[in-house]
Number of protein chains: 6
Amino acid sequence: MIRTIRKGCKELSKQPSKFKMVDISPKDAVEREATAIGKLKLRNETAKKLREGKIEKGDPISISEVAATLATKNTSQLIPMCHNIPISKVETGTRFGDDYVEVEVRVKAIAKTGVEMEALTGASIYLLNVWDMVKKLEKDRNGQYPDTWIEYIKVKEKLKATK
Amino acid sequence: MIRTIRKGCKELSKQPSKFKMVDISPKDAVEREATAIGKLKLRNETAKKLREGKIEKGDPISISEVAATLATKNTSQLIPMCHNIPISKVETGTRFGDDYVEVEVRVKAIAKTGVEMEALTGASIYLLNVWDMVKKLEKDRNGQYPDTWIEYIKVKEKLKATK
Amino acid sequence: MIRTIRKGCKELSKQPSKFKMVDISPKDAVEREATAIGKLKLRNETAKKLREGKIEKGDPISISEVAATLATKNTSQLIPMCHNIPISKVETGTRFGDDYVEVEVRVKAIAKTGVEMEALTGASIYLLNVWDMVKKLEKDRNGQYPDTWIEYIKVKEKLKATK
Amino acid sequence: MIRTIRKGCKELSKQPSKFKMVDISPKDAVEREATAIGKLKLRNETAKKLREGKIEKGDPISISEVAATLATKNTSQLIPMCHNIPISKVETGTRFGDDYVEVEVRVKAIAKTGVEMEALTGASIYLLNVWDMVKKLEKDRNGQYPDTWIEYIKVKEKLKATK
Amino acid sequence: MIRTIRKGCKELSKQPSKFKMVDISPKDAVEREATAIGKLKLRNETAKKLREGKIEKGDPISISEVAATLATKNTSQLIPMCHNIPISKVETGTRFGDDYVEVEVRVKAIAKTGVEMEALTGASIYLLNVWDMVKKLEKDRNGQYPDTWIEYIKVKEKLKATK
Amino acid sequence: MIRTIRKGCKELSKQPSKFKMVDISPKDAVEREATAIGKLKLRNETAKKLREGKIEKGDPISISEVAATLATKNTSQLIPMCHNIPISKVETGTRFGDDYVEVEVRVKAIAKTGVEMEALTGASIYLLNVWDMVKKLEKDRNGQYPDTWIEYIKVKEKLKATK
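From a predicted model like this one, the values you see are computed outputs, not experimental measurements.

Caption draft 1: Just the overall build of chain A, in detail. A count of helices and strands for chain A gives 4 helices and 5 strands. The order of helices and strands in chain A, counted from the N terminus, is β-β-α-α-α-β-β-α-β. Expected size for 163 residues packed as a compact globule is a radius of gyration near 15 Å; at 20 Å, chain A overshoots this value by more than 25%. For chain A, the C-alpha atoms occupy an extent of roughly 60 × 40 × 20 Å along the three principal directions. Buried residues in chain A amount to 58% of all 163 residues.

Caption draft 2: Looking closely at the interface of chain A and chain B. Contact residues are listed per partner, giving 37 residues for chain A and 37 residues for chain B. Counting residues per element, the side of chain A that touches chain B draws most heavily on helix H4 (residues 116-138) of chain A, at 10 residues. The residue inventory of the side of chain A that touches chain B, partitioned by class, reads 21 nonpolar, 7 polar and 9 charged. Bridge count for strand E5 (residues 149-160) of chain A against strand E5 (residues 149-160) of chain B is 2 bridges, and the pairing is antiparallel. Note that in E5 of chain B the partner of Ile153 of chain A across the bridge is Ile150 of chain B.

Caption draft 3: Inspection of the relation of the copies chain A and chain B at higher detail. Its rotation angle being 180°, the transformation that places chain A on chain B also includes 0.0 Å of axial translation and leaves an RMSD of 0.0 Å. The superposition of one copy onto the other is thereby described by a two-fold rotation axis. Considering only C-alpha atoms, the residue of chain A closest to the rotation axis is Glu151 of chain A, which sits at 2.0 Å. A share of 100% of the interface residues of chain A reappears at the interface of chain B, consistent with the copies meeting face to face through the same patch.

Caption draft 4: Structural view of the sheet that holds strand E3 (residues 87-96) of chain E. Reading across from one edge, E1(B)-E3(E)-E4(E)-E2(E)-E5(E)-E5(D)-E2(D)-E4(D)-E3(D)-E1(C) is the order of the 10 strands in this open sheet, with antiparallel pairing throughout. At either margin of the open sheet sits one strand with a lone partner, and together these are strand E1 (15-16) of chain B together with strand E1 (15-16) of chain C. Here E3 of chain E pairs with strand E4 (residues 100-111) of chain E via 9 bridges, running antiparallel. In the sheet register, Glu91 of chain E faces E4 of chain E, and the bridge partner there is Arg106 of chain E.

Caption draft 5: Structural view of the environment of Arg141 of chain F. All names here are of chain F. Topologically, Arg141 is positioned in the loop between helix H4 (116-138) and strand E5 (149-160). We classify Arg141 as exposed; it has 5 C-beta atoms within 10 Å. C-alpha of Arg141 to C-alpha of Ile110: the two residues are 31 residues apart in sequence and 49 Å apart in space.

Caption draft 6: Molecular detail of the interface of chain F and chain E. At the junction of the two partners, chain F supplies 29 residues and chain E supplies 23 residues. Residue assignment for the side of chain F that touches chain E shows that the elements contributing at least two residues are strand E2 (30-41), helix H2 (60-73), strand E3 (87-96) and strand E4 (100-111) of chain F. Considering every element that reaches the side of chain F that touches chain E, the biggest residue donor is E3 of chain F, with 10 residues. Its residues assigned to classes, the side of chain F that touches chain E shows 11 nonpolar, 8 polar and 10 charged. Pairing of strand E1 (residues 15-16) of chain E with E3 of chain F involves 2 bridges; the strand directions are antiparallel. Residue pairing for E3 of chain F: Gln15 of chain E is matched across the bridge by Thr94 of chain F.

Caption draft 7: Fine view of the pairing of strand E5 (residues 149-160) of chain D. Of the pairings in the sheet, the one linking strand E2 (residues 30-41) of chain D to E5 of chain D comprises 9 bridges and is antiparallel in character. Its bridge partner lying in E5 of chain D, Lys41 of chain D is registered against Trp149 of chain D.

Caption draft 8: Representation of the packing of helix H4 (residues 116-138) of chain D against helix H4 (residues 116-138) of chain E in the model. Closest axis-to-axis distance for the H4 of chain D/H4 of chain E pair is 11 Å, and the angle between their directions is 165°. Classified by the angle between their axes, H4 of chain D and H4 of chain E sit roughly antiparallel to one another. In the packing of H4 of chain D onto H4 of chain E, the handedness of the crossing is right-handed. Listed contacts from H4 of chain E to Met117, Leu120, Thr121, Ser124, Leu128, Trp131 and Asp132 of chain D of H4 of chain D are Met117, Leu120, Thr121, Ser124, Leu128, Trp131 and Asp132 of chain E. Residue classes in the contact of H4 of chain D with H4 of chain E are distributed as 8 nonpolar, 4 polar and 2 charged.

Caption draft 9: Local environment of the relation of the copies chain F and chain E. For the match of chain F to chain E, the screw axis carries a shift of 0.0 Å, the RMSD comes to 0.0 Å, and the turn is 120°. On this basis, the relationship between the two copies can be described by a three-fold rotation axis. Using C-alpha coordinates, one finds that chain F approaches the rotation axis most closely at Pro86 of chain F, a distance of 4.8 Å.

Caption draft 10: Region of interest: helix H1 (residues 44-51) of chain E. Residues and elements named next belong to chain E. Considered for burial, the residues of H1 that qualify are Thr46, Ala47 and Leu50. For H1, the arc enclosing every buried residue in end-on projection is 100°, short of the 170-degree limit, so these residues lie on one face. In H1, those exposed residues whose orientation departs by more than 90 degrees from the buried face are Asn44 and Glu45.

Caption draft 11: Highlighting the pairing of strand E3 (residues 87-96) of chain C. Most of E3 of chain C sits inside the fold, with 8 of its 10 residues counted as buried. Linking two consecutive strands that pair antiparallel, namely E3 of chain C and strand E4 (residues 100-111) of chain C, is a turn of 3 residues.

Caption draft 12: Structural view of the arrangement of the chains. Regarding chain C and chain E, the two do not touch, and the least distance separating their C-alpha atoms is 10 Å. You won't find any contact between chain A and chain F; their C-alpha atoms come no closer than 10 Å.

Caption draft 13: Looking closely at the packing of helix H2 (residues 60-73) of chain B against helix H4 (residues 116-138) of chain B. Residue and element names in this part refer to chain B. Taken N-terminus to C-terminus, the directions of H2 and H4 make an angle of 145°; their axes are 8 Å apart at the nearest point. Here the hand of the crossing between H2 and H4 comes out right-handed. Where H2 abuts H4, its residues Pro60, Ile63, Ser64, Ala67, Ala68, Ala71 and Thr72 lie against Glu118, Thr121, Gly122, Ile125, Tyr126, Asn129, Val130, Met133 and Val134. Among the residues forming the contact of H2 with H4, the class breakdown is 10 nonpolar, 5 polar and 1 charged.

Caption draft 14: Looking closely at the sheet that holds E1 of chain E. Taking strand neighbours across the sheet as the criterion, the 10 strands line up as E1(A)-E3(C)-E4(C)-E2(C)-E5(C)-E5(F)-E2(F)-E4(F)-E3(F)-E1(E) in an open arrangement whose pairing is antiparallel. Of all strands in the sheet, those with a lone pairing partner are strand E1 (15-16) of chain A together with E1 of chain E, marking the two edges. Packing against the sheet, helix H4 (residues 116-138) of chain C makes contact with strand E2 (30-41), E3, E4 and strand E5 (149-160) of chain C, and its axis sits at approximately 30° to E2 of chain C.

Caption draft 15: Seen up close, unusual backbone geometry. Residue and element names in this part refer to chain B. Located in the positive-phi region is Tyr152, a residue other than glycine, with phi close to 55°. Considering the arrangement of structural elements, one finds Tyr152 in strand E5. Among the residues examined, Tyr152 registers 15 C-beta atoms within 10 Å and is labelled partly exposed.

Caption draft 16: Spotlight on the environment of Pro146 of chain C. Residues and elements named next belong to chain C. By the secondary structure assignment, Pro146 is in the loop between H4 and E5. In this structure Pro146 comes out as exposed when scored by C-beta crowding, with 12 C-beta atoms within 10 Å. With 70 residues separating them in the primary sequence, Pro146 and Ser76 have C-alpha atoms 33 Å apart.

Caption draft 17: Summary view of the confidence of the model for chain A. Residue and element names in this part refer to chain A. For chain A, per-residue confidence averages 91 on the pLDDT scale, and 91% of positions sit at 70 or higher. Within the model, pLDDT remains below 50 along residues 1-13, and this stretch shows 21 contacts once partners closer than five positions in the same chain are excluded. Note on the complex model: pTM 0.93, ipTM 0.92.

Caption draft 18: Quick look at helix H2 (residues 60-73) of chain C. With 14 residues, H2 of chain C extends 20 Å from end C-alpha to end C-alpha; this agrees with the ideal 20 Å at 1.5 Å per step. A large share of H2 of chain C lies buried, amounting to 14 of its 14 residues.

Caption draft 19: Structural view of the environment of Ile37 of chain B. Residues and elements named next belong to chain B. As for its position among the elements, Ile37 is in strand E2 (residues 30-41). Along the chain, Ile37 and Asp23 lie 14 residues apart, while their C-alpha atoms are 28 Å from each other. Setting aside anything within four residues of it in sequence, one finds Ile37 in contact with Glu102, Val103, Glu104, Ala123, Lys154 and Lys156.

Cut-offs and rules
Residues numbered from 1 in each chain as written. Chains lettered and ligands numbered in written order. Predicted model: local features only at pLDDT ≥ 70, side-chain atom pairs only at ≥ 80, totals over all residues. Helix = DSSP H or I, 4+ residues; strand = E, 2+ residues; numbered from the N terminus. Rg over C-alpha atoms; globule rule 2.2 N^0.38 Å. Buried ≥ 20, exposed ≤ 12 C-beta atoms within 10 Å, placed from the backbone. Contact = placed C-beta atoms within 7 Å. Nonpolar A, V, L, I, M, F, W, Y, C, P; charged D, E, K, R; others polar. Pairing = 2+ DSSP bridges. Least-squares fit on C-alpha atoms with pLDDT ≥ 70 in both. Axes fitted to C-alpha atoms, helices over the stretch in contact; angles between N-to-C directions. Parallel < 35°, antiparallel > 145°, perpendicular 65-115°, else oblique. Left-handed = near helix turned anticlockwise from the far one by under 90°. Arc of directions from axis to C-beta. pLDDT = per-residue confidence, 0-100. Expected span 1.5 Å × (residues − 1).

Right, here's the structure in full:
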């Protein structure tokens, strides 16, 4: 067992930390899992092309999976109060709708803290990458995106193994 | 004026690039601006505490702004087909609702390509950071987030200076 | 217990490593803590404005804390011979003087090696960020900084839990 | 012992992950070691200057070692399906030939998965850095490199401690 | 036209820079292009599966392209003496042989210095990623790779637009 | 000349940016240079060994130069309100004293904003790396550093070319 040096930290002078990073030292490293979901609303024609694998710029699903995997492993640099955690596994699932694409990102780790921020970051980066790959099809004549948005990024489920 | 070496690239062997990165060499570097918005749905009590600056873990708005600014400058590593662009300015605005917080991220650059992906990435990372700061208040007894989601991340406006 | 494959590494050919990274495999992962301090010398008026929270560019303390936290987690890319270590907790304290600001950065980790370089890196990046936020007030007419410097970055205390 | 939450992951909807990251949760963290080798073919005069420490741009061996060490610690961002692993030790060896330089990079970690990709990445980045340092000597009149190439990057040996 | 402050830099005290980064200030920013090639030697069965798109871990070509594109944009952090350059375009081509896969990476930029290191880095990272995706098929009973190596990473062509 | 889209940015809703990143769009890209200095106080014996090139862990000057060069190019990720700037040249100089080592880092860029933060970051990372290389010699029996500190990191000179 690991001995904790001090329970709380002794009071720091004058102005203490403005941001409180959770101290995870005393927590157990157990298996954790979190699944996040999210949707990208698209034009019907774009969603159809995506479903049929006909996006000219390349396969958005492949690139989004890769980018999401990298982002989950880099979450502690994107979200400053997150701890750097060794990820065991990232997995994604994609559902195609008539005018949207939905993603599900599942992250596993043996860690002292939950991995929901990693899963949410993965889902967000996934959807941003799909958007980037279909930009040409979603832009109107003035270069605007009246029909495109990301919605409902949510934690679907969070699990923690009992020791 | 810059001379282009070749118009198109000569045919590559067998299997060409699966992903087409847009060739921005021949484009003009003009001033570009893009504004993205997005919302984080919260519990009423959390939104109230956020409005009143009473989040125990620290001020979510400050940390989210900083993280969003860093992310816009790192977009080309988060979205593989994005070009690395020197950003001139990042600016954010925050609107507090009864059960949500809304962000607006504006990015400016003198660049050969638009900066909407940078603005969207900034808005996404901003909202993920607010979420991270209020996790404790949004979790239910089982560690789940029934009342929390990110929604309506959208490009509000895209501008391009005429040369 | 973990078996070590080889005690020393067998002699490499001709020219061995010019830099010796410490092999931490056989060390125990125990709780470690290190606290670093450092000062940024400022003009009296700037220090006063800082104390009173009147820096126009934004709150330097918030941004410096966030940047320092990110840097401690990224130390192994800033200092090549440092190991990548999962940080449990980063905490800062700020002291305001008549013509300076002082920081204290405390880092905790359960690790096979000490975290003083992480704390020192955090303190350095903290002070550089304060400087960046008050540049306008510290520059003289010629854009020089006659009254500004960083001094006395030091390890205040290093602790190691006994197993 | 760590309990696994689920054996396999429950089937994801419609289109599952296109890329299968290996789930390392159930694996034991034991000491691992991998050694990679590789060669950079050079002109005789360049190889001679390198051997004699007379490269004007600076010592290629020092810079290559440092860059290789950083790269091994960053492998999980360079190779998306690699896990982020805490490295215990990186060691390099250099052999000078008449018209080449050869590197050997050894990586150690206490990890749930092998470290051969880390060693191979280290060797590749090492050789690229030597190339960068001798560019001027290897270029012909037209700025081309007829006599320069990297070859035979290989895993020399992979070891795993038995528990 | 840009005025140079000083021709050479005034002599620095005692011990000057050990490494000479080329000063690219006075150079013209013109269109540059570089193409690098490289091969990964594989077992016949692996090469066949790769050709037929039957690698169980996912499509190695897609992931390698994405990783190579990211790496070219990050070359200045992988090769310390390289300048950070805005890349206009990355393009890859893949050739399948009986017992190897060959890649061609072409990089374009409007820059003050050549982009061959970016192309070479892209090709190296591409091949390392293919290797990572076929590890299971290439390993022998003892976890060694007797039949796998990277070879002949070379600059195929370097071009520079005349102003 | 580049046309600016809007002079000021139109008022953002409710709560505007807490941090003001300087908008550098309208500024001219001219040659800029900044030189930063800094000192690391050491024990006499350590300073002597450093001077004589007898540090067992490897040459601290080489590794510090490389790390400083990388850091200057990454300043915009270490200091959030800094812009990402293409650096033309980094140069360092080292002075050895009886009980200290002093560094001078000079950074050049053709940019819309000054590069003093890049030079200061380079000097800080340089000194932290020397410290890391001599840790063993500076620690006392209790693992503390009573005789070691960084001091007087300062901007020595800042220059800007007139257009």
